[in-house]
Amino acid sequence: MRRFLVTLVAAGTIATSAFAVAPQFWRAGSAEDFLAGEIEGFAVTTRGELRAAPAMKKLASFTDPFVLSQASAPNGDRFFGTGNDGKIYRLRGTDLKVLYTSPEPEIYTVSFHNGALYAGTSPNGKIYRIDPESGTSAVFYDPQQAYIWAMQWVGNGDLAVATGVEGKLFRVTPKGEGKVWYDSPDTHLRSIGVRKDGSLLVGAASKGRIYAVADDGSAHALYDSPLNEITSIYVDPSGIGWAAGVSNQLPSSAPAKSTTSTAKSSTQSSSSTSSSSEPKKDDSATASASSSGNVEVSFSFDDSSSGSAAQPGASELYKINTDDFVESAEKFEREIVYGVSGGSNGSVLLSTGPNGRIYELQNRELALIGSVPEKQIVSISNEGGATLITTTNSGAVYRMESGAGEKGEFRSAAKDVERFSRFGHYRIEGHNIGNGNLAIAFRSGNTRTPDATWSPWTKEQTSSEGSVDSPAGRYIQWRLTMPKAASDLAVDGVTVAFVNRNVAPEIDSVVVQDPAVIFISSAYPSSPQVVEATNPDEYGIFTSLDSAREKSTSDQGKRAYRKGYRTVSWRAHDANNDSLRYSLYFRRKGADTWLRLRENLDETQMNFDTSQLPDGRYELRLIASDIPDNAEGALTDMKEGVEFQVDNTAPSISVSNSGNVTIRVTDSDSAVGKVEYSADAQKWVRLTPADGIADSRDETFTIEKKDLTGKYVIVRAVDAFYNVATQAVNVP
């Protein structure tokens, strides 16, 4: 197989462009397109707009890798529970200090009530009452459970406590006296929401159920989620509940309730931090939890600093109506919703991983309103009129401001344009994107993921239209920044033009059909074409033009026959999807000169009459060209050496009457196909050669003389090319 470039010469200049002339366009302009990119300082609306996001102000960084929980005090103090060292930090203004270190390594829940801070620890789950000034503490309640996941204060001043691994809900009085409120069939009770009537919404792990628990401890399941854990529940001011269900935080089969296996820390990293996530406490603390069961539940975070991507998961946000009807509000295929809270104007806020994003749901519309580089946002709270989030890997706390951030960067997903391509112009559509408010840069490469082999980012351009200065490649990516913050900036879409490098077409196959085979399509002209719809003389001495019994399973058309014709069919493809034209040539085998059969065909088959050619062996050359779409740089593929035979000479028949009648049939070029006789104009009788099979150019046949005596006999011989010879036989 040979490929070569077709060049055109005009005014002494050779056109050498190797790129297809038809431009293509990549446009990113939907919410899905924007959410697939890397977002920092930008927001994405459900209408598919990219906007300036509220500023995310980092209030503090922690040496602890996990900031798991938060609470606020009326005076504005904020408290944060961490892992792996079980610390509680107090943030007063800008002053962050360690207030308390628990004997247990994880603090998944904290709450401020009546001037005191309460912390639920794990494993060896206990609830501590902590002085918010001095940090002195005392055990407020010990439920004898391994894990304390959530706490909520109810109307009469009692504290509801969700635990694992026995899936029990406790009710604790202000004096620290507690009892089991509800014993669920689940391994863990993970989240609590308090309704207006004082009843509770409780989310479980292992079965992924949402329960309604009444004041008297009676409970019923409101919803059985197809996901396996309800991580967070929030009840908005109107009484509607919102619950986050997730999938990849539990193994496929959660452990049953147990009182024999040793509790383990569940805060794990899949990378280098996993070893440090085990409790670094006195062995006696872990040993005392041995009666609480084995833990297989949430908070398995990827360490973004390790360079490995977090495992994708699935999440679903459920709306729990006041009549207990539960419906799905939103689905996330590759994100985990860790926290649910209230926002301004009745909205619902969601904190997620592994992309560190904050979503807002309002009036059934979901918008991405913020993101942070830590990638895992574990908790979110709007207490005290300010929205604060906490993160893992590494631990930090941010406050969401009301105004737009001063900096923003959006990186599109890398686009695979499928072929090595040259990039042309770009265009940004939107509102208030001029005046230096928005800048765009590009880079390109030939690996699926951008890395050091890619070109550097081009110089930023602030124009809404311009040229892409990145070198040719297979992949392209663009980056938007905001040199000047503008709250009303909105990007509707970005379009990048590119043109694939031209690739030569490829001929997949060339086939010469059997002699006399042609194909008739519905568009085949009816006149003056003359064809036989069946093999010639197939049914007897008097043939007719009946409908063909055999139909082609391809798109070639109906199979028919015409003596002397040969049909050539071929298949070819073009990786650029260019239109193709074909030229077909032939020559006698051994000759030097190719002769034209047909040029500039757009069909993939043609038939031709070989009756004008001398007998012998011939060969074909097929050339496929993409010239319709590449007038100045067409490429071709060629296939030759496909042989076919021409035989227009009928067989020779000789008859001997010595003894029985012996018939000898010879053919100069092809095998004797069929020999038959007719006596007294009756139907043809097929003869079998002496050696049992008609497969050579010289065959002998014998007929008993008694069958022919006194009759008018005609012998007919047909070769493989449907050349027919007949001869009368005189049998005295």
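Here's a quick rundown of the structure. (Residues numbered from 1 in each chain as written. Predicted model: local features only at pLDDT ≥ 70, side-chain atom pairs only at ≥ 80, totals over all residues. Heavy atoms only, no water.)

1. Some thoughts on the overall build of the protein chain
Across its full length, the protein chain carries 2 helices and 59 strands. Classification of the 732 residues of the protein chain by burial places 52% in the buried group. In the structure as shown, the protein chain presents an accessible area of about 32900 Å², 46% of it carried by carbon and sulfur atoms. (Helix = DSSP H or I, 4+ residues; strand = E, 2+ residues; numbered from the N terminus. Buried < 20%, exposed > 50% of the residue type's maximum accessible area, 1.4 Å probe, protein only. Areas by Shrake-Rupley, 256 points an atom, 1.4 Å probe, with all protein chains shown as cover.)

2. Considerations on the sheet that holds strand β53 (residues 652–656)
As summarised here, the arrangement of the 3 strands in space is β53-β54-β57, forming an open sheet in which the pairing is antiparallel. Both outer strands of the open sheet, β53 and β57 (698–703), are each paired with one neighbouring strand and no more. Going across the sheet, the axis of each strand differs from the next one's by a mean of 20°, ignoring polarity. With 5 bridges connecting them, β53 and strand β54 (residues 661–666) associate as antiparallel partners. Across the sheet, residue S656 finds its bridge partner in β54, namely T662. (Pairing = 2+ DSSP bridges. Axes fitted to C-alpha atoms, helices over the stretch in contact; angles between N-to-C directions.)

3. Some thoughts on the pattern of salt bridges
Scanning the model with the defined rule gives 27 salt bridges in all. Among the salt bridges present, the one from D77 reaches R92, with a minimum N-O distance of 2.7 Å. Residue D77 is found in the loop between β9 (66–72) and β10 (78–83), and its partner R92 is found in strand β11 (residues 87–92); the two are separated by 15 residues along the sequence. With relative accessibility at 4%, the residue D77 sits in the buried group. A salt bridge links D324 to R195, with the nearest nitrogen and oxygen atoms 2.8 Å apart. Taken together, the residues span a long stretch of sequence, with D324 in the loop between β29 (315–320) and β30 (326–332) and R195 in the loop between β21 (188–194) and β22 (200–205) at a distance of 129 residues. By relative accessible area, D324 is classed as partly exposed at 25%. By relative accessible area, R195 is classed as buried at 12%. If you follow the salt bridges from partner to partner, you end up with R47, E49, R51 and E365 in one network. (Salt bridge = Lys/Arg side-chain N within 4 Å of Asp/Glu carboxyl O.)

4. As for unusual backbone geometry
Omega for the bond connecting S122 with P123 falls within 30 degrees of zero, at -20°, which places this linkage in the cis form. Here P123 lies in the loop between β14 (116–122) and β15 (125–130). Residue R364 is not a glycine yet carries a positive backbone phi of 70°. Here R364 lies in the loop between β33 (357–362) and β34 (365–371).

5. Here we look at the environment of P226
Note that P226 resides in the loop between β24 (219–224) and β25 (229–235). A C-alpha to C-alpha distance of 8.5 Å links P226 and K207, two positions 19 residues apart in sequence. Contacts of P226, omitting those with residues within four sequence positions, involve E316 and Y318. (Contact = heavy atoms within 4.5 Å.)

6. Concerning the nonpolar core
W478 and L480 are the most contacted members of the largest nonpolar core, which has 43 residues in total. Every residue in contact with W478, bar those within four places of it in the chain, is listed here: W26, A28, F34, F410, R411, S412, I440, A441, F442, W457, V494 and V496. Among the nonpolar cores identified, the runner-up in size contains 21 residues, and V510, V512, F608 and V646 belong to it. (Core = buried A, V, L, I, M, F, W, Y, C linked by side-chain atoms within 4.5 Å.)

7. Looking at the packing of aromatic side chains
In this structure the tally under the stated criterion is 23 aromatic pairs. When the ring of F34 is compared with that of F410, the centres are 5.8 Å apart and the planes differ by 85°; the resulting orientation is edge-to-face. Separated by 376 residues along the polypeptide, F34 in helix α1 (residues 31–35) and F410 in strand β38 (residues 409–411) bring together distant segments of the chain. Plain terms: the ring middles of Y223 and Y318 are 4.8 Å apart, the flat faces sit at 50° to each other, and that makes the pair tilted. Taken together, the positions of Y223 in strand β24 and Y318 in strand β29 put the pair 95 residues apart, joining distant regions of the chain. Its relative accessible area of 0% is what places Y318 among the buried residues. Put simply, the rings of W26, F34, F410 and W478 touch in pairs and so form one group of aromatic residues. Note that R479 overlies the ring of W457, its terminal NZ or CZ placed 4.5 Å from the centroid. Sitting over the face of the ring of W684, R716 holds its NZ or CZ atom 4.2 Å from the ring centroid. (Phe/Tyr/Trp six-rings, centres within 6.5 Å; stacked < 30°, edge-to-face > 60°. Lys NZ or Arg CZ within 6 Å of the ring centre and 35° of its normal.)

8. Digging into the sheet that holds strand β44 (residues 506–512)
Reading across from one edge, β44-β47-β50 is the order of the 3 strands in this open sheet, with antiparallel pairing throughout. Looking at the sheet topology across the chains shown, the edges are occupied by β44 and β50 (605–609). Averaged over neighbouring strand pairs, the angle between their axes works out to 20° when direction is ignored. One ladder, built from 6 bridges, connects β44 with strand β47 (residues 565–573); its direction is antiparallel. Following the sheet pairing, I507 is matched in β47 by A572.

9. Concerning the side chain of K168
Mapped onto the elements, K168 comes out in strand β19 (residues 168–172). There is a polar contact of 3.2 Å between the side chain of K168 and the side chain of E166. Beyond its immediate chain neighbours, meaning those up to four positions away, K168 contacts Q145, V161, A162, T163, V180, Y182, D183 and L189. (Polar contact = N/O pair within 3.5 Å; in protein donor to acceptor, adjacent residues only side chain to side chain.)

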